[in-house]
Amino acid sequence: MIPIAKSPQDYQAFKISPRDTNKLAIVFDTATANISLTICVEIFDVGGKTPPNRHQMAVEMFFILCGEGRATCDGKTVAIQSGDSVLVPPTGTHMIENTGSTRLYALCIMVPNEDFAELIRSGTPVELDEEDLAVLRRLPVSVLC
């Protein structure tokens with residue numbers, strides 16, 4: 001089997017709802033990986049957050065690439081910053097919030113997919129801007145992380 005390789009310019013990004021303060025850039029999903037998972041980069045504007053949500057069967061992991069914020073699961077809140085990881089168990093009601101002065105970037109992995117990729121793709125397509133691409137390519141940027 002030949003591995004699948006993608007670059008940030010290949011990622012498709014969406015806002016699930018037009019009012020959302022975060023966007024999700026799909027890296028791999030069931031359509032490209034032929035396995036029940038979703039891997040995306042979630043990008044939060046300053047002050048942005050996800051609504052509280054939960055998954056019945058899926059485990060979701062966030063690895064903070066850049067920025068700082070708060071992660072809440074089942075009423076417990078922890079501060080998060082670049083290099084931190086958060087693991088959310090199935091049925092855990094959770095949310096991520098950007099509390100920093102720059103965008104917050106989190107690699108998000110969800111297994112099994114539980115229709116997450118389909119939910120993302122049903123949203124509004126958006127573009128990744130130069131700041132997003134610089135962070136994803138790890139190019140020298142002003143103090144973002």
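Preceding this section is the structure that the text describes.
Summarised in this report is the structure supplied together with it. Keep in mind that what you see is a predicted model, and the values were worked out from it rather than measured.

Take the nonpolar core next. Counting 20 residues, the largest nonpolar core has Cys40, Phe62, Ile80, Val86, Ile96, Phe116 and Ile120 as the members making the most contacts within it. Mapped onto this core, the elements with two or more residues apiece are strand 2 (22–28), strand 3 (38–44), strand 4 (59–66), strand 5 (68–73), strand 7 (85–88), strand 9 (104–111) and helix 2 (116–121). Of all the elements, strand 9 adds the most residues to this core, at four residues. Residues contacting Cys40, with those up to four places away along its chain left out, are Leu24, Ala25, Ile26, Val27, Ala106, Leu107, Cys108, Phe116 and Ile120.

Simply put, the disulfide is a covalent bond whose two ends are the sulfur atoms of two cysteines. Scanning the model with the defined rule gives zero disulfides in all. Unpaired in this structure, Cys73 has its nearest cysteine sulfur neighbour in Cys108, at a distance of 13 Å. Of all cysteine sulfurs in the structure, the one in Cys40 sits closest to Cys108, which takes part in no disulfide; the separation is 4.2 Å. The exposure class of Cys108 is buried, given its relative accessible area of 0%.

Rules used in this analysis
- Residues numbered from 1 in each chain as written.
- Predicted model: local features only at pLDDT ≥ 70, side-chain atom pairs only at ≥ 80, totals over all residues.
- Heavy atoms only, no water.
- Core = buried A, V, L, I, M, F, W, Y, C linked by side-chain atoms within 4.5 Å.
- Buried < 20%, exposed > 50% of the residue type's maximum accessible area, 1.4 Å probe, protein only.
- Helix = DSSP H or I, 4+ residues; strand = E, 2+ residues; numbered from the N terminus.
- Contact = heavy atoms within 4.5 Å.
- Disulfide = S-S within 2.5 Å.

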